[in-house]
Amino acid sequence: MANQPKTQHRSVRIDDADWADLLARGGDRSAVIKQLVGWYLRRPGAELPERPPAPAPADAPSAD
C-alpha cells in the first residue's frame with residue numbers, strides 16, 4: 001500500500017489549552033511527545049526535548 005505509516009496511530013487525551021500552547025511554543029507536537037516517551041522509557045541516546053523559553057510575566061516592564 002502506498003503512503004502506509006511506519007507506526008500505528010495512537011490517541012491521547014490532552015487539555016485543549018495545553019495542546020494549543022504546545023503547538024504555539026514547540027511546533028511539532030508529535031516529535032515532542034515521542035522524545036518524552038523515549039526519555040521516560042530510558043531508551044539509549046534519548047534526551048528530554050529542549051524547552052522553549054518561559055513567557056515573560058504579564059506585569060513585567062516592556063523593553064522599550
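None of these values were measured; they are calculated from a predicted model.

S.K.: Just checking my understanding: could you explain the overall build of the protein for this structure?
M.R.: Helices and strands together make up the secondary structure of the protein, namely two helices and zero strands. Looking at the protein as a whole, 5% of its 64 residues qualify as buried.

S.K.: Help me understand a negative patch on the surface, please; the structure alone is not making it clear to me.
M.R.: On the surface, Asp15, Asp16, Asp18 and Asp21 cluster together into a negatively charged patch. Note that Asp18 resides in helix H1 (residues 16-26). Note on Asp18: relative accessible area 48%, which makes it partly exposed.

S.K.: It is not clear to me how the layout of surface pockets should be interpreted in this structure. Could you clarify?
M.R.: Gaps left between atoms show up when a probe the size of a water molecule is rolled over them. Of the pockets and cavities examined, the largest pocket occupies roughly 420 Å³. If you go around the largest pocket, the residues you meet are Thr7, Gln8, His9, Arg10, Ser11, Val12, Trp19, Arg29, Ser30, Ile33 and Lys34. With four residues, the single largest contributor to the lining of the largest pocket is helix H2 (residues 29-40). Roughly 330 Å³ of volume is contained in the second largest pocket. Lining of the second largest pocket is provided by 15 residues; of these, Leu22, Arg25, Glu50, Arg51 and Pro52 occupy positions nearest its centre. Counting residues per element, the ones that place at least two in the lining of the second largest pocket are H1 and H2.

Reading the values: rules and limits
Residues numbered from 1 in each chain as written. Predicted model: local features only at pLDDT ≥ 70, side-chain atom pairs only at ≥ 80, totals over all residues. Heavy atoms only, no water. Helix = DSSP H or I, 4+ residues; strand = E, 2+ residues; numbered from the N terminus. Buried < 20%, exposed > 50% of the residue type's maximum accessible area, 1.4 Å probe, protein only. Patch = residues over 30% accessible without salt bridge, like charges linked within 9 Å, V, L, I, M, F, W, Y side chains within 5 Å. Areas by Shrake-Rupley, 256 points an atom, 1.4 Å probe, with all protein chains shown as cover. Salt bridge = Lys/Arg side-chain N within 4 Å of Asp/Glu carboxyl O. Lys, Arg positive; Asp, Glu negative; His and termini not counted. Charge placed at Lys NZ, Arg CZ, Asp CG, Glu CD. 1 Å grid on protein atoms, 1.4 Å probe; cavity = no way out; pocket = protein on both sides within 12 Å on 5 of 7 lines; lining within 4 Å. Points joined across faces, edges and corners; volume = space filled by probe spheres on them.

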